[in-house]
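Architecture at a glance
One-letter residues, chain by chain:
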Amino acid sequence: MTTVTTSDAIVTAARGWIGTPYLHQASHRGIGADCLGLLRGIWRELYGAEPEPVPPYSRDWSEPSGDERLWAAAARHLQPAGEETAGQVLLFRMRSGGVAKHLGVQGAVGTKPTFIHAYSGHGVVESPLSAPWRRRIVARFTFPEV
C-alpha cells in the first residue's frame, strides 16, 4: 500500500474510532480497543499490516521491571516529532517515576487542544488536552510517510 500520510488523514482515522468500547489488548473499531489497540488500528487503516506482532501485555505494562517497552516500540516505528501539530502520537507517563504507558493522537491544536485516546471506563474518546494531561506527555511522534 502506498500513501502519503497527512495529519488530516490521521485525525480522521482516529476520530473514526470514537465510541469504541475500552477493551484491554483489543484493536477492533466499534468492538473494543485500548490505547495501543487504537494506534494499531489507525496503523492498519493507513498502512496495511502492522509492523510487528504485539505480545500479550498486562495493565501495568512493564512497571515492575521499569523497562520503557512502549516508548521503545514507538521509537522503532514512528518518527520523533517537534512542534505540536494535529495527528501526532502522544506518549504519556501516568505517574512520576512510572514507565510511559498511555498513548493518544493529537486531535486539535491551538486554544482548545484535544487528543483522541482509549481510556479505561470511557472507551475511545476525544478529550481536552488540559494542563494535567500535558504534564504527563513524555514524547511526541509522527506516523511515517510512505
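These lines cover the structure that appears in this document, whether it is placed above or below. (Residues numbered from 1 in each chain as written. Predicted model: local features only at pLDDT ≥ 70, side-chain atom pairs only at ≥ 80, totals over all residues. Heavy atoms only, no water.)

**With respect to the overall build of the chain**
Regarding its fold elements, the chain presents four helices and eight strands. Reading the chain from its N terminus to its C terminus gives the helix and strand order α-β-β-α-α-β-β-β-β-β-α-β. At 14 Å, the chain has a C-alpha radius of gyration in line with the 15 Å of a compact globule built from 146 residues. Its C-alpha atoms put the chain at 40 × 35 × 30 Å along the principal axes. Across the 146 residues of the chain, 43% fall into the buried class. Across the chain, the fraction of contacts at a sequence separation of at least 24, relative to all contacts at a separation of at least 6, is 56%. Accessible area for the chain stands at about 7,400 Å²; split by element, carbon and sulfur atoms hold 55% of it. (Helix = DSSP H or I, 4+ residues; strand = E, 2+ residues; numbered from the N terminus. Rg over C-alpha atoms; globule rule 2.2 N^0.38 Å. Buried < 20%, exposed > 50% of the residue type's maximum accessible area, 1.4 Å probe, protein only. Contact = heavy atoms within 4.5 Å. Areas by Shrake-Rupley, 256 points an atom, 1.4 Å probe, with all protein chains shown as cover.)

**Quick look at the pairing of strand 4 (residues 89-93)**
The buried fraction of strand 4 amounts to four of the five residues, a majority that puts the element mostly inside the structure. With five bridges connecting them, strand 4 and strand 5 (residues 100-106) associate as antiparallel partners. Looking across to strand 5, one finds that Leu91 is bridged to Leu103. Hairpin connection, strand 4 to strand 5: the antiparallel pair is bridged by six residues, and Gly97 has positive phi, about 85°. One ladder, built from four bridges, connects strand 4 with strand 8 (residues 137-142); its direction is antiparallel. (Pairing = 2+ DSSP bridges.)

**Comments concerning the pattern of salt bridges**
Scanning all chains against the criterion turns up nine salt bridges. Its salt-bridge partner being Arg15, residue Glu126 comes within 2.8 Å of it at the nearest N-O pair. One end of the pair, Glu126, is in strand 7 (residues 123-128); the other, Arg15, is in helix 1 (residues 7-15), and 111 residues separate them in sequence. For Glu126, a relative accessible area of 30% translates into the label partly exposed. Judged by relative accessible area, which is 37%, Arg15 ranks as partly exposed. Arg93 serves as the salt-bridge partner of Glu68, at 2.7 Å between the closest nitrogen and oxygen. Placement of the pair is Glu68 in the loop between helix 2 (35-47) and helix 3 (69-77) and Arg93 in strand 4, with a sequence separation of 25 residues. Residue class for Glu68 comes out partly exposed when judged on its relative accessible area of 25%. By relative accessible area, which is 21% here, Arg93 ends up partly exposed. (Salt bridge = Lys/Arg side-chain N within 4 Å of Asp/Glu carboxyl O.)

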